[in-house]
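Commentary on secondary and tertiary structure
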Amino acid sequence: NACAALVERGDAERFAAVMTTPVAARAPLFVLYAFNLEVARAPWVTKEPMIAEMRLQWWRDVVAEPAPRAHEVAGPLHAVIREAGLPGGALDRMVSARVWDVYKEPFEDAADFDRYIEETGAGLMWLAAKACGAADRAEPVVRAFGWAAGLAGYLRAVPELEARGRIPLVDGRPQAVRDLARQGLEKIAAARAGRRLVGRAGPALLAGWQAEALLKQVVADPQVVAEGRMGLSEFSRRGRLVWAALSGRW
């Protein structure tokens, strides 16, 4: 319940997605999304890089330790890791990737940016799918969809990242941004081609219900990223989520 409350306050879109899933799937998803919130916030709660890195290291220790900690997120997370057999490496990389957020240096190159989206967005979706019972053979499919969803979310955050002194994109020119969005759409298409491999873990992919529409916005007009205009109407958001939940066709 504490994890659900955290997600409701701090990640309303994922909260809405979870509430459309079967009841049995909600607990592990709320725990993982609360963990993601805690890790994503860690670099921003202080201006001291050393303290921020210490906060991230605390979460890396939580993931690695065999015994649970008495913490509203760390305790339930330990239970989900054990019960679902979540891969410790993916959890650790999800935390360590956030070190980039601590500092103001840009990504080294396109491969470095790709790794960041892979370990954060794609990694989280794969962990969520594993917690919902996904077989290992589904990992490439889930990660492809998670990468696209992670990219869409990241592009929406570009103006805020710039306001906080970061250089969020390797190449911020309109055509480069359009090409990045196209790459995300290609990954969505590839993921959907392997939809049958995901099986009962489909509820974990509902969190990416807006990704395709958002990336299509960017392809049509890359300036929506820099100007902070990415987003769907409330009617469109709700309609797409309901359709995805009822049809199971993420």
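Residues numbered from 1 in each chain as written. Predicted model: local features only at pLDDT ≥ 70, side-chain atom pairs only at ≥ 80, totals over all residues. Heavy atoms only, no water.

Bringing the overall build of the protein into the picture now. Scanning the protein from terminus to terminus reveals 13 helices and zero strands. Reading the protein from its N terminus to its C terminus gives the helix and strand order α-α-α-α-α-α-α-α-α-α-α-α-α. When the backbone C-alpha atoms are referred to their principal axes, the protein occupies close to 50 × 45 × 30 Å. Residues counted as buried form 48% of the 250 residues belonging to the protein. If you sum the accessible surface of the protein, you get close to 11800 Å²; carbon and sulfur atoms cover 54% of it. Here the protein carries 33 positive and 30 negative side-chain charges, and the mean point of each set is 6 Å from the other. (Helix = DSSP H or I, 4+ residues; strand = E, 2+ residues; numbered from the N terminus. Buried < 20%, exposed > 50% of the residue type's maximum accessible area, 1.4 Å probe, protein only. Areas by Shrake-Rupley, 256 points an atom, 1.4 Å probe, with all protein chains shown as cover. Lys, Arg positive; Asp, Glu negative; His and termini not counted. Charge placed at Lys NZ, Arg CZ, Asp CG, Glu CD.)

It is worth spelling out the pattern of salt bridges at this point. As enumerated under the stated definition, the model contains 22 salt bridges in all. A salt bridge links D136 to K130; the nearest nitrogen and oxygen atoms lie 3.0 Å apart. For D136, a relative accessible area of 53% puts it in the exposed group. Residue classification places K130 among the buried positions, given a relative accessible area of 17%. Measuring nitrogen to oxygen at the nearest pair gives 3.6 Å for the salt bridge that ties K216 to E212. One end of the pair is K216 and the other is E212, both in helix α11 (residues 211-220) and four residues apart, which spans about a single turn. The network of salt bridges with common partners includes E13, R156, E234, R237 and R238. (Salt bridge = Lys/Arg side-chain N within 4 Å of Asp/Glu carboxyl O.)

Let us look at the environment of S247. Its location among the elements puts S247 in helix α13 (residues 234-247). The spatial distance from the C-alpha of S247 to the C-alpha of R156 is 27 Å, given a sequence separation of 91 residues. In terms of polar contacts, S247 uses its side chain to reach the backbone carbonyl oxygen of W243, at 2.7 Å. (Polar contact = N/O pair within 3.5 Å; in protein donor to acceptor, adjacent residues only side chain to side chain.)

This part covers the packing of helix α3 (residues 23-41) against helix α4 (residues 49-64). One can describe the packing of α3 onto α4 by two numbers: an axis separation of 9 Å at closest approach and a directional angle of 150°. Here α3 lies roughly antiparallel to α4, going by the angle between them. Crossing geometry of α3 relative to α4 is assigned as left-handed. Where α3 abuts α4, its residues F35, E38 and V39 lie against L56, W59 and V63. By residue class, the composition of the contact of α3 with α4 is five nonpolar, no polar and one charged. (Axes fitted to C-alpha atoms, helices over the stretch in contact; angles between N-to-C directions. Parallel < 35°, antiparallel > 145°, perpendicular 65-115°, else oblique. Left-handed = near helix turned anticlockwise from the far one by under 90°. Contact = heavy atoms within 4.5 Å. Nonpolar A, V, L, I, M, F, W, Y, C, P; charged D, E, K, R; others polar.)

How two aromatic rings sit relative to each other is set out by the distance from centre to centre and by the angle between their planes. Inspection of the entire model under this criterion finds 10 aromatic pairs. Between the aromatic rings of W100 and Y116, the centroid separation amounts to 5.6 Å while the plane-to-plane angle is 65°, which identifies the pairing as edge-to-face. Here W100 is found in helix α7 (residues 99-102), whereas its partner Y116 is found in helix α8 (residues 110-131), with 16 residues between them in sequence. Note on F107 and Y116: the rings are 5.5 Å apart at their centroids and 65° apart in plane angle, and the pair reads as edge-to-face. Comparing F107 with Y116 shows no difference in burial state: the two are buried. (Phe/Tyr/Trp six-rings, centres within 6.5 Å; stacked < 30°, edge-to-face > 60°.)

A few words now on α4. For α4, spanning 16 residues, the distance from its first C-alpha to its last is 22 Å, which sits close to the expected 22 Å at 1.5 Å a residue. Every buried residue belonging to α4 is among A52, L56, W59, V62 and V63, and all of these are buried. Within α4, the buried residues cover an arc of 105° as seen down the axis, which keeps them to one side. Along α4, the residues that are exposed and aim more than 90 degrees away from the buried face are M50, M54 and A64. Taken together, the buried residues of α4 touch α3, α5 (74-84), α6 (88-96) and α7. (Expected span 1.5 Å × (residues − 1). Arc of directions from axis to C-beta.)

Along the chain, K130 turns up in helix α8. For K130, the side chain forms a polar contact with the side chain of D136, separated by 3.0 Å. Non-local contacts of K130, meaning those with residues more than four positions away in its chain, are made with A84, G85, L86, P87 and D136.

It is worth spelling out the nonpolar core at this point. Ranked by internal contacts, the top residues of the largest apolar core, which has 83 residues, are F35, W59, Y154 and L155. For this core, the element with the highest residue contribution is helix α9 (residues 139-163), accounting for 13 residues. Counting five residues, the second largest nonpolar core, distinct from the first, contains A17, L206, W209 and L241. (Core = buried A, V, L, I, M, F, W, Y, C linked by side-chain atoms within 4.5 Å.)

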